[in-house]
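# Understanding the architecture of this molecule
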Amino acid sequence: GVGDLVDRELREPRPLKEIVEGITDPAAAATLYVLAFTIVRADEHVTGAERIYLAQLANLLHLDADTVQSLEKDTGERIDRLGDQGQLGG
């Protein structure tokens, strides 16, 4: 079931606006942004194209620049801490 859903989404991608429409709760918007940021930062580098995507997402989710900066800082620090623990066997 899930494989079919993923295959369909890959064959027929939807616009980002359509995916996030209806998200009005600030906590849900922040959670979605953190998820997206975590994914694009997985390789420890956010590319220019990924930065554009994140800016578009923040705009569609009505997240202001201060909120985005705080979310990215907190998320980045958590990712770094987890990475450090993994490297130390911890």
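Anything mentioned here points back to the structure above.
Along each chain, numbering runs from 1 in the same order as the chain's sequence is written. Per-residue local features of the predicted model are confined to residues with pLDDT of at least 70, and side-chain atom pairs are confined, for both listing and counting, to 80 or more; whole-chain, interface and lining totals are unaffected and use all residues. For the side-chain quantities, the full set of heavy atoms in the structure was used; hydrogens and water were omitted.

## Details of the layout of surface pockets
Heads up, the condition is: In this analysis, the protein atoms alone were mapped onto a 1 Å grid. Cavities are point sets where a 1.4 Å probe fits without being able to get out; pockets are open sets with protein on both sides within 12 Å along at least five of seven lines; lining residues have an atom within 4 Å of a point. Grid points are joined across faces, edges and corners, and a volume is the space filled by probe spheres set on the points. Each helix is a run of H or I in the DSSP string that is no shorter than four residues. Each strand is a run of E no shorter than two, and both are numbered from the N terminus. Each residue receives one of three labels: charged for Asp, Glu, Lys and Arg, nonpolar for Ala, Val, Leu, Ile, Met, Phe, Trp, Tyr, Cys and Pro, and polar for the others, Gly being one of them.
As a volume, the largest pocket reaches approximately 280 Å³. Lining the largest pocket are L16, I19, V20, L32, L35, A36, I39, V40, Y53 and L57. Secondary structure elements with two or more residues in the lining of the largest pocket: α2 (16–20), α3 (26–40) and α4 (48–60). In terms of residues, the lining of the largest pocket owes the most to one element, α3, which gives 5 residues. Broken down by class, the residue content of the lining of the largest pocket amounts to 10 nonpolar, no polar and no charged.

## Quick notes on the pattern of salt bridges
One side chain can pair with another of opposite charge once the charged atoms of both are near each other. Applicable threshold: Salt-bridge detection follows one rule: a side-chain nitrogen of Lys or Arg within 4 Å of a carboxyl oxygen of Asp or Glu. Accessibility here uses a 1.4 Å probe with only protein chains present; expressed as a share of the type maximum, an area under 20% marks a residue as buried, one over 50% as exposed, and anything in between as partly exposed.
According to the stated counting rule, one finds 6 salt bridges in the structure shown. R8 is the salt-bridge partner of E9, the closest N and O atoms lying 3.8 Å from each other. The partly exposed category is assigned to E9, whose relative accessible area is 28%. A salt bridge links E9 to R14; the shortest N-O distance between them is 3.6 Å. One network of salt bridges, in which partners are shared, links R8, E9, R14 and E18.

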